[in-house]
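Report on the structure
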Amino acid sequence: MRIPKNHPRAESLRVRELIIEGMHQDIVAEAGLIAHGRGEAFDYLIGEKTPSFAIQQQTAAVAMILLAKKAIISVNGNIASLCSEELVKLADILSVNLEVNLFYRREERSAIVAKKLQEAGAKNILGKDPEFYTTIEELSHSRRVVDKRGIFSADVILVPLEDGDRTMALRKMGKRVITIDLNPLSRTSIWSNITIVNNVIRAIPEMVSIAEKLRNKSKEDLLEIVENFDNHKSLQESLLYISQRLNNLAEGELEKPKVE
Ligand code: PTJ
């Protein structure tokens, strides 16, 4: 669909088109459309821009990845279709690999998502070669199949846009999980070590800029950032921001239509 540039919701419609197109290409699962709609609703609540608490969450996330022995970025259909080029940039600057790991997993779909990443410039994509497959016993659904060289052996995993089960299983395996989820109330958000309450569309490029600044910092400086971060407090701060914003709107800031 051609989106008129002067449409008041042009950017949101453009992003929606990416997801719809991704579904037609079998990159995005049908349920990915529903997940996206839920994300859009939460994005409205934070005002569709990055709040300062999200900058802190993104900074802690980048510091944790830079400190990891082995970090990995898990890729599903939604993130591949929304921002694969920025994701490849982030992986490059942080020197980590990307692993395709799908909830609605089919071998052909994994290959299509991997191809999308490859077209965006990714070199070493994990999660698509059966000879390296192993399973996470704690999980019953198809996300249990992971790559030995990636999620299975990593100590830090960035899982943008996630379902809660796997986060809990990964935590129980002793791994540290970073997620990007616009819903601060989701099980994923609550169970992660670091939750970034922001839209992946903004969070990923912002994390690239943060990585450029942090990558030359000392280990001590990075440790200080991570140790000062408390996910529970940070989620409370995110909820407070949303509730105060809604209060302000309810008490008078809500835009009034001006009909000439
Ligand atoms: O590609 P697959 O097969 O791995 O499937 C991916 C989906 C997303 C369908 C699967 O992981 C799923 O069902 O996820 P959930 O349980 O719907 O959770 C998705 C979460 O991401 C929800 O809490 C949404 O609010 C949030 N979300 C959606 N879009 C965005 C988002 N968070 C950040 N940025 C977004 N653009």
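Up top you'll find the structure we're talking about.
Notes on the structure follow. Position numbers for residues count from 1 along each chain, tracking the sequence in the order it is written. For a predicted model such as this one, the threshold for reporting local features is a pLDDT of at least 70, and the threshold for listing and counting side-chain atom pairs is 80 or more; totals across whole chains, interfaces and linings nevertheless cover every residue. Only heavy atoms go into the side-chain values, all of them from the structure, while hydrogens and water stay out.

1. What to know about empty space enclosed by the protein
Over the atoms rolls a probe the size of a water molecule, and in doing so it shows where empty space is left. Site definitions follow a grid-based scheme: protein atoms alone, a 1 Å grid, a 1.4 Å probe that fits but cannot get out for cavities, and for pockets an open set with protein on both sides within 12 Å along at least five of seven lines, plus lining residues having an atom within 4 Å of a point. Grid points are joined across faces, edges and corners, and a volume is the space filled by probe spheres set on the points. Counted by the stated rule, this structure contains one cavity of 30 Å³ or more. Each pocket or cavity is described by its volume, and for the largest cavity that value is around 40 Å³. Around the largest cavity, the lining residues are E99, V100, N101, R105, G127, Y133, V145, V146 and D147. Helix and strand definitions follow DSSP, with helices as H or I runs of at least four residues and strands as E runs of at least two, each counted in order from the N terminus. For the lining of the largest cavity, the secondary-structure elements that each account for two or more residues are β2 (97–100) and β5 (145–147). The element that contributes the greatest number of residues to the lining of the largest cavity is β5, accounting for three residues. Side-chain classes follow a simple rule in which Ala, Val, Leu, Ile, Met, Phe, Trp, Tyr, Cys and Pro form the nonpolar group, Asp, Glu, Lys and Arg form the charged group, and the remainder, Gly included, forms the polar group. Class assignment for the residues of the lining of the largest cavity results in four nonpolar, two polar and three charged.

2. Overview of the packing of helix α4 (residues 77–94) against helix α8 (residues 200–214)
Lines fitted to C-alpha atoms define the axes, with helix axes restricted to the stretch in contact, and inter-axis angles between N-to-C directions lie between 0 and 180 degrees. As a packed pair, α4 and α8 sit with axes 9 Å apart at the nearest point and diverge in direction by 10°. As far as their axial angle goes, α8 and α4 are roughly parallel. Packed against α4, whose contacting residues are I79, L82, C83, E86, L87, K89, L90, I93 and L94, the element α8 presents V200, I201, I204, P205, M207, V208, A211 and E212 at the interface. The residue inventory of the contact of α4 with α8, partitioned by class, reads 14 nonpolar, no polar and three charged. Throughout, the term roughly parallel applies to angles under 35 degrees, roughly antiparallel to angles over 145, roughly perpendicular to angles from 65 to 115, and oblique to all others. The criterion used for residue contact is that any of the two residues' heavy atoms lie within 4.5 Å.

3. Here's the deal with the nonpolar core
Residues enter a nonpolar core if they are buried and are Ala, Val, Leu, Ile, Met, Phe, Trp, Tyr or Cys, with the set joined through side-chain atoms within 4.5 Å. The buried label applies to any residue whose accessible area, calculated with a 1.4 Å probe on protein chains only, is under 20% of its type's maximum; exposed applies above 50%, and partly exposed to all values in between. In terms of nonpolar packing, the biggest core is built from 51 residues, with L90, L98 and I178 touching the most fellow members. The dominant element in this core, judged by the number of residues it contributes, is α4, at 10 residues. Excluding residues within four positions of it along the chain, L90 makes contact with I73, L158, I204, M207 and V208. Counting 12 residues, the second-largest nonpolar core is a separate cluster that includes L126, L139, I157 and A169.

4. A closer look at the pairing of strand β6 (residues 156–160)
Across the five residues of β6, five count as buried, placing the element largely inside the fold. Burial along β6 is two-sided: V156, L158 and P160 facing one way and I157 and V159 facing the other are all buried. In the sheet, strand β1 (residues 71–75) pairs with β6 via three bridges, with the strands oriented parallel. Directly across from A71, in β6, lies its bridge partner V156. Since β6 and strand β7 (residues 176–180) lie parallel, the crossover through helix α6 (residues 164–172) that links them has a hand, and here it is right-handed. At least two bridges found by DSSP between two strands are what make those strands a pair. Looking down the strands as they point away from the viewer, one classifies a crossover as right-handed if the path from the first strand across the helix to the second runs clockwise.

5. Some points on the packing of aromatic side chains
Aromatic ring pairs are described here by two measures, namely the spacing of the ring centres and the angle between the planes. Within 6.5 Å between ring centres, the rings of Phe, Tyr and Trp (the latter by its six-membered ring) count as paired, and their orientation is classed by plane angle as stacked under 30 degrees, edge-to-face over 60, tilted in between. Throughout the structure, instances matching the rule amount to two aromatic pairs. An angle of 75° between the planes, with centres 5.3 Å apart, marks the rings of F53 and Y241 as edge-to-face. Placement of the pair is F53 in helix α3 (residues 52–67) and Y241 in helix α10 (residues 231–253), with a sequence separation of 188 residues. On the basis of an interplanar angle of 85° and a centroid distance of 4.8 Å, the ring pair of F103 and Y104 is categorised as edge-to-face. The residue whose ring lies beneath R149 is F132, and the NZ or CZ to ring-centre distance is 3.5 Å. Put simply, a charge is over a ring when the Lys NZ or the Arg CZ is close to the ring centre, within 6 Å, and near the line of the ring normal, within 35 degrees.

6. Quick notes on the pairing of β1
When you tally the buried positions in β1, you get five out of five residues, the bulk of the element. Here β1 shows two buried faces, one formed by A71, I73 and V75 and the other by I72 and S74. Where β1 and β2 come together, four bridges link them in parallel fashion. If you follow I73 over to β2, its bridge partner there is L98. Between the parallel pair β1 and β2, the chain is carried across by α4, and the sense of this crossover is right-handed.

7. Things to note about the sheet that holds β6
Here we have six strands laid out as an open sheet, ordered β3-β2-β1-β6-β7-β8, and parallel in their pairing. The open sheet has two edge strands with one neighbour each: β3 (125–126) and β8 (194–196). Sheet topology note: the β2/β3 ladder contains two bridges and is parallel. Bridged to L98 within β3 is I125. Each of β1, β2 and β6 touches α4; the most contacted strand, β1, lies at about 160° to it.

8. Some points on the site of the ligand
The immediate surroundings of the ligand are formed by 25 residues, with F103, Y104, R109, D181 and N199 found nearest. Within the side chain of D181, one N or O atom sits 2.8 Å away from an oxygen atom of the ligand. Here L182 contributes a backbone N or O atom positioned 3.1 Å from a nitrogen atom of the ligand. Burial of the ligand by the protein chains amounts to 94% of its free accessible area of 750 Å². At the level of secondary structure, the elements contributing two or more residues to the shell around the ligand comprise α2 (30–45) and α4. By residue number, the principal contributor to the shell around the ligand is α2, which donates six residues. It suffices for a single heavy atom of a residue to lie within 4 Å of a molecule or strand for the residue to be listed as near it. Residues adjacent in sequence count toward polar contacts only when both atoms are side-chain atoms; beyond that, a polar contact is any pair of N or O atoms within 3.5 Å, and within protein one must be able to donate a hydrogen and the other to accept it. Note on areas: these come from Shrake-Rupley sampling with a 1.4 Å probe, and a residue is covered only by the protein chains present in the view.

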